Amino acid sequence: ASGVGIDADPAAVAAAGANAEALALGCRSNIRHLKFTELGRLVDEGAAAFDVAISNPPFLPERVCRHVGFARELQSQSLGAFAAGDDGQ
């Protein structure tokens, strides 16, 4: 099996690539710096259809992400990985 991972945050792409390599999965993974709305680029590049697609979009109101208790998570990932605007949608 193989997988393709995408993220809009370059730091997340770098971390995912490093994790894949550390787990000896680099040859079975393709980590790309893309936004979800840019998935069509993979088709344009000749990528085969996917059997499964999993998404973990931003889901929290920004005010929650700015809470002191959440600060540790923001050290390793960008605010955009969690915050989905004022209402979390």
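Just so it is clear, the model here is predicted, and its values are computed rather than measured.

Draft legend 1. Layout of the overall build of the protein. Per the secondary structure count, the protein includes four helices and two strands. Helices and strands appear in the protein in the N-to-C order β-α-β-α-α-α. Looking at the protein alone, contacts between residues at least 24 apart form 52% of all its contacts between residues at least 6 apart. Carbon together with sulfur atoms contributes 56% to the accessible area of the protein, which is approximately 6700 Å² in total.

Draft legend 2. A look at unusual backbone geometry. Residues other than glycine seldom take positive phi values, yet alanine 24 does so here, at roughly 60°. You can see alanine 24 is positioned in the loop between α1 (10-22) and β2 (29-33).

Draft legend 3. View of the confidence of the model for the protein. Mean pLDDT over the protein stands at 81; residues scoring 70 or higher make up 82%. Least confident of the elements in the protein is helix α4 (residues 71-76), whose mean pLDDT is 64; most confident is β2, at 93.

Draft legend 4. Seen up close, the environment of valine 13. Residue placement: valine 13 occurs in helix α1. As for valine 13 and isoleucine 31, which are separated by 18 residues in sequence, their C-alpha atoms are 6.3 Å apart. Among residues more than four places away in sequence, those in contact with valine 13 are Asp7, Ile31, Arg32 and His33.

Conventions used here
- Residues numbered from 1 in each chain as written.
- Predicted model: local features only at pLDDT ≥ 70, side-chain atom pairs only at ≥ 80, totals over all residues.
- Heavy atoms only, no water.
- Helix = DSSP H or I, 4+ residues; strand = E, 2+ residues; numbered from the N terminus.
- Contact = heavy atoms within 4.5 Å.
- Areas by Shrake-Rupley, 256 points an atom, 1.4 Å probe, with all protein chains shown as cover.
- pLDDT = per-residue confidence, 0-100.

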